[in-house]
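Residue-level structure breakdown
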Amino acid sequence: MIGRAQCSGVALQVNGKASDAHVQSEASTFRSMVSLSPGPNIVVATCTGSNGSIHASAPVQWNERLRPGPHAAISVTTRGTIVVLNGSHSRPGPPDHAPIVQYAWHRFERAPAALTLASGRPLTGSVAGPRLELRAPARDGEYDVSLTVRDVDGRRSTSSTVFAVRGGMPVAVDPVHSRPPWLGSAVIYAPVPQLWGNGGPRSVERHLPYLHRLGVNVLWLWPPAERRALGEDYRITDYFSLDPSWGPPQAFRAMVARAHALGMHVLIDFVPNHTSTQDPYYLDQKRYGTASHYYDFYDRNAHGQITQYSQIFGTTGLPNLNYGDPEVRRMIVQASLHWIRDYGIDGFRVDAAWGVQRRRPTFWAHWRTVLKQADPDTLLLAEASATTAAIFHGFDLAYDWTNHPGQWAWTSVFDFPKESGALLTPAITNAPQGYAPDARIMRFLNNNDTNPRFVDQYGQALTRVAATLQFTLPGVPEVFAGDEIGASYDPYSNLTPISWRDRSHLLPLYRRLIWLKRHLPTLRSQRVDVLKVNADSAFAYLRPAFDGGPPVLVILNFGRQDPHVVITRTAAVSSAVGAGTMRDLLTNRSIHLSLSGGSMSEAMPAHSMLVLVPGTA
């Protein structure tokens, strides 16, 4: 910090206590490097006047949220059948750069097989030292190993890495450019604690057995877990602390641990695009203007006015962060690491990721690099359109949106059931542009921003067909709280407990669709061949055989009539259907398609669906 004084003997106080920071004085100017602790830091400068009186400056406040400490880092190489993990790249952290004095290696319990040191001893507990050598496990798969470093002041940092075994030989994996291996069979579910009554994380934990039986394996915790303005969902006041609605911390951690024990991964809703106007940084710049240390934390237009997220959606009080400021970038990176390391979460659904992308296109790639080095299995889901190829520089997964934020790709498709099939092709394929080769799409019928609920708008019959579409297309399906029972509510109204009765008789279908997505290899691939049909209300596509799974033929009728759907046969379709006898995976019935020349046909009742594989029931 730099200041001016018209008296001698300048000294500093931090939070009312004398600071040992060295103060350099030259003429009427003084400067000093002051170490800040997490939380409010009120700094006052004092000096002695010519008559011996003590003069004090006006207090200056810094709201510090970053915790000092080391940074663990790992590199992976292979030497024949030996995997070499090197943690010597770990480095001390600012501001004091205290030296690292301890290294401890651990294996992840969810690894496919036990790990053995090069010496032949099993890797159990922890192993000390900056370097670890392992024998390649006999079982193929991906293996995670973590490193915890401790500095001389007792502060710790943990990072993880991954290596693969293929054909019995170890292979180094680039975690930054790879996705979690479980993503292909992921089914996301968004539990909303208020719908189960009060209790925050405890109410979710109580219902984890239900979600486990349902078959979902990824939880997106909604609303956001960061501290928010009272009664608000997306107005963040502190990225580093848990909102009381999700507390206390020990209950939140217990919920995450229980989810992990049931084989589930946990995402939190993260809101880095904007803060609340109650954020201490916003209040400080409002009070002190350009003299505030946090003036540059917020994005401003040419007139110096803070830009607002409201410019897109019409709300107020959501000031955009300035990603041109290096402190803002570091704050968001460190906050993300905090949730991974201190709460054990497995990834983020990032609200308004498209907003940061527009203002700072290079940030997400940097953010991804740091997070994937901390935990390669971290899942990064962008609330942004999967049609934006650049978003995948930072994210594993993006929304099934059009280029207009919040508008799904199949907007209005279901408003015209007689034409739904014809309207779906461009929505599914992003025609004519197509998707980037590395695009992965999250598909949904409902989320926190869709209202009314799909079943309320379109009815139970059409919901069944749309859910089948959602789960059998390439991508990751998302189920928002209560979709599986046709629940009716507004996410942004005063949420109260709902009846969990399956009023629309959807639960058996959702259980079956989730099971198929999780266990049928073909549905994990990114291939889909949209087929030509004769009825505008019908839609058909082939999922080619993948990873040992059979080809899957999906035929859907969104209309209220019973058309005789005729499908043009391609070479791949002919190979898949053979003589026309197939099994419906939804009902386990045998279906015999009528084959004629270059086409095949099947009578499709109103609002019906078939998910067919070769063979008989």
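Residues numbered from 1 in each chain as written. Predicted model: local features only at pLDDT ≥ 70, side-chain atom pairs only at ≥ 80, totals over all residues. Heavy atoms only, no water.

1. Digging into the overall build of the chain
Scanning the chain for helices and strands turns up 12 helices and 36 strands. The C-alpha atoms of the chain give a radius of gyration of 28 Å, which matches the 25 Å a tight globule of 617 residues would have. Based on the C-alpha atoms only, the size of the chain along its principal axes is roughly 105 × 65 × 45 Å. Across the 617 residues in the chain, those meeting the buried criterion constitute 54%. In the chain, 65% of the contacts between residues at least 6 apart in sequence involve partners at least 24 apart. Summed over all atoms, the accessible surface of the chain reaches about 26,000 Å², with 51% contributed by carbon and sulfur. Side chains of the chain give 57 positive and 49 negative charges; the mean places of these two sets differ by 4 Å. (Helix = DSSP H or I, 4+ residues; strand = E, 2+ residues; numbered from the N terminus. Rg over C-alpha atoms; globule rule 2.2 N^0.38 Å. Buried < 20%, exposed > 50% of the residue type's maximum accessible area, 1.4 Å probe, protein only. Contact = heavy atoms within 4.5 Å. Areas by Shrake-Rupley, 256 points an atom, 1.4 Å probe, with all protein chains shown as cover. Lys, Arg positive; Asp, Glu negative; His and termini not counted. Charge placed at Lys NZ, Arg CZ, Asp CG, Glu CD.)

2. Digging into the nonpolar core
The biggest cluster of nonpolar side chains holds 147 residues, and the ones touching the most others in it are L211, F252, F348, W367, W410, F414 and L469. Excluding residues within four positions of it along the chain, L469 makes contact with W410, F414, L424, F539, Y541, L556 and F558. (Core = buried A, V, L, I, M, F, W, Y, C linked by side-chain atoms within 4.5 Å.)

3. Some words on the packing of aromatic side chains
Inspection of the entire model under this criterion finds 32 aromatic pairs. Centroid distance Y309 to W354: 6.0 Å. Interplanar angle 35°. Geometry classified as tilted. Here Y309 is found in the loop between α4 (280–288) and α5 (310–313), whereas its partner W354 is found in helix α7 (residues 353–359), with 45 residues between them in sequence. Over the ring of Y295 we find R300; its NZ or CZ atom is 3.6 Å from the centre of that ring. The lysine or arginine in question, R453, covers the ring of Y489, its NZ or CZ lying 5.1 Å from the ring centre. (Phe/Tyr/Trp six-rings, centres within 6.5 Å; stacked < 30°, edge-to-face > 60°. Lys NZ or Arg CZ within 6 Å of the ring centre and 35° of its normal.)

4. What about the state of the cysteines?
One way to say it: the disulfide is the covalent bond shared by the sulfur atoms of two cysteines. Under the criterion given, the structure shown has one disulfide. With its sulfur 1.5 Å from that of its partner, C7 forms a disulfide with C47. Of the two residues, C7 sits in the loop between β1 (2–4) and β2 (8–14) while C47 sits in strand β6 (residues 39–48), which places them 40 residues apart along the sequence. In terms of burial, C7 and C47 fall into one category: buried. (Disulfide = S-S within 2.5 Å.)

5. Looking at the sheet that holds strand β13 (residues 127–128)
Across a sheet, paired strands are connected by hydrogen bonds in the backbone, their directions being either parallel or antiparallel. Across the sheet, which stays open at both edges, the five strands sit in the order β13-β11-β15-β16-β17 with antiparallel pairing between neighbours. Only two strands of the sheet have a single neighbouring strand rather than two, namely β13 and β17 (169–172). When strand β16 (residues 156–166) meets β17, the two strands line up antiparallel, connected through four bridges. For V165, the partnering residue across the bridge sits in β17 and is P170. (Pairing = 2+ DSSP bridges.)

6. Section: the pattern of salt bridges
One pass over the structure, following the stated rule, counts 15 salt bridges. For R349, the salt bridge is made with D269, and the minimal N-O distance between the two is 3.0 Å. With R349 in strand β23 (residues 347–350) and D269 in strand β22 (residues 265–270), this pair connects stretches of sequence that are 80 residues apart. With a relative accessible area of 0%, R349 lands in the buried category. Assessed through its relative accessible area of 0%, D269 is described here as buried. The residue R368 makes a salt bridge to D396 at a minimum N-O spacing of 2.8 Å. With R368 in helix α8 (residues 363–374) and D396 in the loop between β24 (379–385) and β25 (397–399), the pair connects residues that are 28 residues apart, well separated along the chain. The residues R368 and D396 share a single accessibility class, namely buried. A single network of salt bridges, built from pairs that share partners, joins D96, D151, D153 and R155. (Salt bridge = Lys/Arg side-chain N within 4 Å of Asp/Glu carboxyl O.)

7. Things to note about the sheet that holds strand β28 (residues 529–530)
Spatially, six strands are ordered β28-β29-β30-β36-β32-β33 in an open sheet, and the strand pairing comes out antiparallel. Here the strands that pair on one side only, and so sit at the sheet edges, are β28 and β33 (590–592). Two strands pair when backbone bridges link them, and strand β29 (residues 538–543) and strand β30 (residues 552–557) are joined in this way by six bridges, in the antiparallel orientation. By the bridge assignment for β30, R543 is matched with V552. Where helix α9 (residues 420–429) meets the sheet, its contacts fall on β28 and β29, and the angle it forms with β29 comes to roughly 40°. (Axes fitted to C-alpha atoms, helices over the stretch in contact; angles between N-to-C directions.)

8. Details of the environment of P614
Inspection of the secondary structure puts P614 in strand β36 (residues 608–614). Taking the C-alpha atoms as reference points, P614 and G167, 447 residues apart in sequence, are found 30 Å from one another. Apart from the residues within four sequence positions on either side, P614 is in contact with P550, P551, A576, T581 and M582.

9. So, the pairing of strand β14 (residues 131–135)
The alternating pattern of β14 places L132 and L134 on a buried face, while none of R131, E133 and R135, on the opposite face, is buried. Note that strand β10 (residues 82–86) and β14 share five bridges and pair antiparallel. The residue of β14 that forms the bridge with L85 is L132. The sheet contact formed by strand β12 (residues 116–117) and β14 spans two bridges and is antiparallel. Residue pairing for β14: T116 is matched across the bridge by R135.

Purely geometric stuff here, so don't read any function into it on its own.
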